[in-house]
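Examination of the molecular architecture
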Amino acid sequence: MDVKDPNFQRHFSGGLNLLHHTPPGVDPVMISADDSCLREDEVSASDPRSFRGINGGLRDPETRRDTPSTRSVKRLRAKETQNWSEKMKTLLISSILVMICCSEAQQEGNECIKASALSCGDCIQVGARCGWCTDPEFLKQGESTSARCDELESLRKRGCAEAKIENPHGSQQIQKNKPVTNRRKGAEKLRPEDITQIQPQKLSLQLRSGEPQNIELKFKRAEDYPIDLYYLMDLSYSMKDDLENVKNLGTSLMKEMSKITSDFRIGFGSFVEKTVMPYISTTPAKLLNPCTGDQNCTSPFSYKNVLRLTSNGQRFNSLVGQQQISGNLDSPEGGFDAIMQVAVCGEHIGWRNVTRLLVFSTDAGFHFAGDGKLGGIVLPNDGRCHLENNMYTMSHYYDYPSIAHLVQKLSENNIQTIFAVTEEFQPVYKELKNLIPKSAVGTLSANSSNVINLIVDAYNSLSSEVILENSKLPEGVTITYQSRCKNGVVNDGENGRKCSNISIGDEVSFSINITAQGCPKQGKTESIKIKPLGFTEEVEILLSFICECDCHLFAIKNSPVCHNGNGSFECGACRCNKGRVGRQCECRKDEVSSEDLDRNCRRDNGTDICSNNGECVCGACECKKRENPEERYSGKYCECDNFNCDRSNNKLCGGHGRCECRACVCDANYTGSACDCSLDISTCLASNQQVCNGRGVCECGACHCTDPKFQGPTCEICPTCPGVCTEHKECVQCRAFGTGEKQDVCERDCSSFRLVKVKDREKLPQPVQSFPLMHCKERDANDCWFYYTYAINNSTEPEVHVVETLEQWNRLSRKNLCMGICEEELSASAPSPPEEPAHRLCLMNPSRTCEAGDDELRLLLCCLCSECPAGPDIIPIVAGVVAGIVLIGLALLLIWKLLMIIHDRREFAKFEKEKMNAKWDTVKRSSGEHEEFEFLYCRCYHHHLLKGTSAPGPSLISGAASGRVLLWVVLAI
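Just so it is clear, the structure is predicted and the values come from calculations on it, not from any experiment. Going along each chain's sequence as written, the residues are numbered from 1 onward. Only residues with pLDDT of at least 70 are given local features in this predicted model, and only at 80 or more are side-chain atom pairs given and counted; all residues enter the totals for whole chains, interfaces and linings. With hydrogens and water stripped out, all remaining heavy atoms of the structure feed into the side-chain values.

Some words on the overall build of the protein
Within the protein one finds 23 helices and 42 strands. For the protein, buried positions account for 42% of its 973 residues. By definition, residues are in contact when any of their heavy atoms lie within 4.5 Å. Taking the intrachain contacts of the protein between residues at least 6 apart in sequence as the baseline, contacts between residues at least 24 apart amount to 60%. Each accessible area is a Shrake-Rupley estimate made with a 1.4 Å probe; only the visible protein chains count as cover when residues are assessed. Element-wise, carbon and sulfur atoms account for 52% of the exposed surface of the protein, whose accessible area totals about 53900 Å². Secondary structure elements are defined from DSSP: runs of H or I of at least 4 residues count as helices, runs of E of at least 2 residues count as strands, and each element is numbered from the N terminus. The classification of residues rests on relative accessible area computed with a 1.4 Å probe and restricted to protein chains. Under 20% of the type maximum is buried, over 50% is exposed, and intermediate values are partly exposed.

A short note on the pattern of salt bridges
Throughout this description, the term salt bridge denotes a Lys or Arg side-chain nitrogen within 4 Å of a carboxyl oxygen of Asp or Glu. One pass over the structure, following the stated rule, counts 24 salt bridges. A salt bridge links Arg 352 to Asp 263; the nearest nitrogen and oxygen atoms lie 3.1 Å apart. A residue pair is termed long-range when its members are at least 10 positions apart, and Arg 352 in the loop between α11 (346-349) and β11 (355-362) and Asp 263 in the loop between α7 (249-257) and β9 (264-271) qualify at 89 residues. Classification of Arg 352 by relative accessible area gives buried; the value is 19%. Exposure remark for Asp 263: the relative accessible area of 11% places this residue in the buried category. Among the salt bridges present, the one from Glu 538 reaches Lys 529, with a minimum N-O distance of 3.4 Å.

Comments concerning α7
The complete set of buried residues in α7 reads Leu 249, Gly 250, Leu 253, Met 254 and Met 257. End-on, the buried residues of α7 take up no more than an arc of 115 degrees, which puts them together on one face. Note that the arc is defined by the directions from the helix axis to the C-beta atoms.

Describing the environment of Glu 639
Locating Glu 639 in the fold gives a position in the loop between β29 (633-634) and β30 (640-641). In sequence terms Glu 639 and Asn 613 are 26 residues apart; their C-alpha atoms lie 7.5 Å from each other. Not counting residues within four places of it along the chain, the set of residues in contact with Glu 639 comprises Arg 603, Ser 611, Ser 634 and Arg 662. Definition of a polar contact: a pair of N or O atoms within 3.5 Å, with one able to donate and the other able to accept a hydrogen when the atoms are protein atoms, and with sequence-neighbouring residues admitted only if both atoms are side-chain atoms. Polar side-chain contacts of Glu 639 include one of 2.9 Å to the backbone nitrogen of Tyr 637.

A closer look at the sheet that holds strand β3 (residues 165-166)
Taking strand neighbours across the sheet as the criterion, the three strands line up as β2-β1-β3 in an open arrangement whose pairing is antiparallel. Edge positions in the sheet fall to β2 (149-151) and β3, since each of these pairs with one other strand and no more. Any two strands between which DSSP finds at least two bridges are classified as paired. Of the pairings in the sheet, the one linking strand β1 (residues 130-133) to β2 comprises three bridges and is antiparallel in character. Along β2, the bridge assignment pairs Gly 131 with Asp 150.

Concerning the packing of α7 against helix α14 (residues 451-463)
Running from N to C, α7 and α14 point in directions that differ by 35 degrees, and their axes come no closer than 10 Å. In this structure, α7 crosses over α14, and the sense of that crossing is right-handed. Mapping the contact onto sequence places Leu 249, Ser 252, Leu 253, Glu 256 and Met 257 in α7 and Val 451, Ile 452, Ile 455 and Val 456 in α14. To get an axis, a line is fitted to the C-alpha atoms, and for a helix only the part in contact is used. The angle between two axes follows their N-to-C directions and goes from 0 to 180 degrees. Definitions for this section: a left-handed crossing has its near helix turned counterclockwise from the far helix by less than a right angle. A right-handed crossing has that turn clockwise.

Remarks on the packing of aromatic side chains
To pair, rings of Phe, Tyr and Trp, with the six-membered ring standing in for Trp, must have centres within 6.5 Å; the planes then decide the type, stacked if under 30 degrees apart, edge-to-face if over 60, and tilted in the middle. Taken as a whole and assessed by the stated rule, the structure comprises 16 aromatic pairs. With a centroid separation of 5.5 Å and 45 degrees between ring planes, the pair formed by Phe 419 and Tyr 429 is classed as tilted. Here Tyr 429 lies in helix α13 (residues 426-435) and Phe 419 lies in strand β14 (residues 415-421), a separation of 10 residues in the sequence. This pair shows no difference in class: Phe 419 is buried, exactly as Tyr 429 is. Between Phe 737 and Phe 786, the ring centres sit 5.9 Å apart and the planes meet at 65 degrees, which makes this aromatic pair edge-to-face.

Quick notes on the pairing of strand β15 (residues 439-443)
Pairing between β14 and β15: five bridges, direction parallel. Residue pairing for β15: Val 421 is matched across the bridge by Thr 443. Handedness rule for crossovers: strands pointing away from the viewer, path from the first strand over the helix to the second running clockwise, crossover right-handed. The parallel pair β14 and β15 is bridged by α13, and the resulting crossover is right-handed.

Some details on the sheet that holds strand β42 (residues 798-803)
Strand order in the open sheet formed by four strands is β39-β42-β41-β40, and the pairing between neighbours is mixed. Single-partner strands in this sheet number two, and they are β39 (754-758) and β40 (773-779). Adjacent strand axes in the sheet meet at a mean angle of 25 degrees when their direction is disregarded. Here helix α16 (residues 724-737) sits on the sheet and contacts β39, β40, β41 (785-792) and β42; the angle it forms with β41, its principal contact strand, is near 110 degrees.

Remarks on the state of the cysteines
Cysteine pairs can be linked by a disulfide, which is a covalent bond between their two sulfur atoms. Put simply, a disulfide is two cysteine sulfurs that come within 2.5 Å. A complete count under the given rule lists 25 disulfides for this structure. Note that Cys 653 is cross-linked by a disulfide to Cys 664, the S-S spacing being 2.0 Å. The sign of the S-S torsion, about -95 degrees, decides the handedness of the disulfide formed by Cys 653 and Cys 664: left-handed. Separated by 11 residues along the polypeptide, Cys 653 in the loop between β32 (651-652) and β33 (657-660) and Cys 664 in strand β34 (residues 663-666) bring together distant segments of the chain. No difference in accessibility class separates Cys 653 from Cys 664, as the two residues are buried. Across the disulfide, Cys 666 is cross-linked to Cys 675 (sulfur-sulfur distance 2.0 Å). Residues Cys 666 and Cys 675 share a disulfide whose torsion about the S-S bond is about -95 degrees; that sign makes it left-handed. Assessed through its relative accessible area of 24%, Cys 666 is described here as partly exposed.

Side note on the pairing of β33
Two elements, β33 and β34, share four bridges in a ladder whose sense is antiparallel. Counterpart to Gly 657 in the pairing with β34 is Cys 666. Where β33 folds back onto β34 in an antiparallel hairpin, the turn is made up of two residues, including Cys 661, whose phi is positive at roughly 50 degrees.

A short note on the environment of Asp 194
Structurally, Asp 194 is set in the loop between β4 (171-176) and β5 (198-199). Given a relative accessible area of 29%, Asp 194 falls into the partly exposed group. Contact partners of Asp 194, with chain neighbours within four places excluded, come to Lys 178 and Thr 181.

Quick word on the packing of helix α10 (residues 335-344) against helix α12 (residues 403-412)
Orientation of α10 relative to α12, taken along the N-to-C sense of each, is 25 degrees, at an axis distance of 9 Å. The angle between the axes of α10 and α12 places the two elements in the roughly parallel class. Crossing geometry of α10 relative to α12 is assigned as left-handed. Across from Phe 336, Ile 339, Met 340, Ala 343 and Val 344 in α10, the residues of α12 making contact are Ile 403, His 405, Leu 406, Lys 409 and Leu 410. Under the scheme applied, nonpolar residues are Ala, Val, Leu, Ile, Met, Phe, Trp, Tyr, Cys and Pro; charged residues are Asp, Glu, Lys and Arg; polar residues are all the others, including Gly. Broken down by class, the residue content of the contact of α10 with α12 amounts to eight nonpolar, one polar and one charged. When an angle is under 35 degrees it counts as roughly parallel; over 145 it counts as roughly antiparallel; between 65 and 115 it counts as roughly perpendicular; any other value is oblique.

Structural notes on helix α9 (residues 313-321)
All of the buried residues in α9 are Gly 313, Phe 316, Asn 317, Leu 319 and Val 320. Looking at the packing, one finds that the buried side of α9 touches α6 (240-246), α7, β9 and β10 (303-310). In this structure Asn 312 caps α9, since a side-chain oxygen of it lies 3.1 Å from the backbone nitrogen of Gln 314.

Here's the deal with the confidence of the model for the protein
Taken residue by residue, the protein gives an average pLDDT of 77. The fraction at 70 or more is 74%. Across the protein, the secondary-structure element scoring lowest on mean pLDDT is helix α19 (residues 838-844), at 38, and the one scoring highest is α10, at 95. For residues 921-973, every residue scores under 50 in pLDDT, and the model assigns this stretch 38 contacts once sequence neighbours within four places are set aside. Confidence scores per residue from the predictor, reported as pLDDT, run from 0 to 100.

Below, the structure written as structure tokens:
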């Protein structure tokens, strides 16, 4: 969007006025420039803003601060003002964004149509995509001459033959292409003009508007390339010790530079300051000797060329040794005057067309443009040479040059500058270096003892970088650069002009695009030059512009086709003479809109001129143009168009025809108002080569299934037929859970349907009338159930909805669910719950399968509790088995013991009874009666065990014999 547009400025300024307008009740001083409010009780007394009153608020006259009540009011108003200001800022930004969007929207579209070009020459200047149809029969009724200018593809679609389209292209020709020099040190010495470092040297380009022309440049640093070095030194009094070291610089520097080049020349110049007050003292004594005390100094001067460039190092040492220090009053020196004269006085300095180095040595700052006013000098520096007898004579007349002026002159004369300055002034000259291309800064020691190393390092740094620059471009011409540097580095934009870290013998290339917009200066030839900074070689490019089509050469002036010679017939159309209009130049401009002519543009004597889709020109309708080049009005009254026909699948005429006068003209094998009905039945053939699988009819290339069970593009899919769930089980399992037999080939074999995951079974789709749906329940390898539905949607695409997780319920959740349902069912079905509730059966065997004989309640509980049985837990099972065995063993022992006690008691009672009835012989009791009794008891006990009866209890046995009796019992068993 153009900010210079009056409409934009009006809206923008209005927005600013709105933003800075003071709302009612708010003091203007509360709205600052940055829309922020200042709390004046927090500002120091030194801040001028803290002394402003707010709506007559009271201030303490001594402290100049508001009273507490005033500060409270101001804080409240400040907050309100800040909120209001933020709202206004938001409104302004929104308005600007809307304006920019509208402007961009207006700029979109076909630039060829917008141009309304009336000739081929005007058309091709619009852009590289525009062409002109020269076919005399190309235009339809109602179309204006400018309709011949359109995008190339649009012209072809509209029926213009390729041979009838004027679309000239630019060209280029290399006129001088001398190869770069492959020179090595020690080889035959060449003249500087015979050394080539950039190729090609001269080209000519023909530019078509909007069409870039690309040229390739090659640059290669030549070895042993000649160097001219001019040493410019500050001879103010502070440089006295430096001068002593520079006196032997000539021979030492030439010896060091001989390692780089065999062709080296050196020169010397000096500067002090302008010879006017207040830069120097103008008293006669000070003009003779500006130094104090017994110091013998030379008279002050602005700039002196002491020695032209020479290859004689001894002469350099001799002349520099004769130089004397001078003096001035202020610290900055007049070095810029000296640099300007060194740059522009090439004949006096002796510059050759080789590498030019300027070493600027000082320990102070510099004066620049405007400082001359202190001495009454107001004329700007003219950038010309003013040396007489090697002295600058106009320092009192012209001001110091500006930095931009210096940059221009140094660049024009291919001079690379090395600033050798002391540590104190490094920051200043580094900033200056950033403004002067191909310059370097080195740190000069206090006595200039390191100047040789400084020069060599700076030269290596400067020569390792190549930067291209071009001369001033003609109006409407743009240029872009791309560099391909060492090690494959590619740079674009501003960095595309340069390559760094280049060594001697390295070759780099540049790709340069030159583009013209329109036809600058009526096609007059222009010239531009491209050169590497710091080098004298350059590439000259001659530019010519294509402003007319080739068919313009065959124009028939005053052709009878153009209404009796009122125009020239060229490029298939009339180019009317001045004052004439119309397709055949049949009208004068002053009669274009007469009422009689407008009557011919009304259809059926209606009121609308050209159906409101065009203008009446010379009694004939010229239809409007639309933004979309594919859309056109036509007809005698512009009553037809090619974009208001019926559409199918959001395509005009279904993409199978063309729109003519608001009606579709269908292609072969298509019919219908929108050409959406195909007559081809190949799309209806099923895999068995039957039309719609014998279960439907083919209409407009699509099957309409007559059997509601079958779906799909050829009525072959039956989502509710038996076997559908089993058929898709493995694919659903692998795609939903990544398991199953097809998990390794899932992507290959199971991509025929669209999978949608849902959280639970309640989210699964239910059968609807529009398309059948099959609910499936399958078991996986882990004996777990998963649920899904299979259907064919309205787009005849198989669609599967699957529950995303297997239903692995824990026992607690099962128990709660089963008990809840069981209690609800029992309370509803029986007046009182039975002794054995049905849910206990479920809990005792939660994974049992449902039997056909189960009643309805058990079936419901069984199915709810048997979704996905959990795997066995080994540790509880083993622990349970061991505990069961131990408990059962202990129980059996206790039972056996109890039975044995009961049995013994019965047998003992029986024994006592028999004893009372028995007749015993008298036996003398002796010491062995216990043993006899024990023997008799053991025999009796053994006898009873063999017979399965109980023996007399052990209570009959004395304590001393009880142990032996037990032993006998064990042995008997």
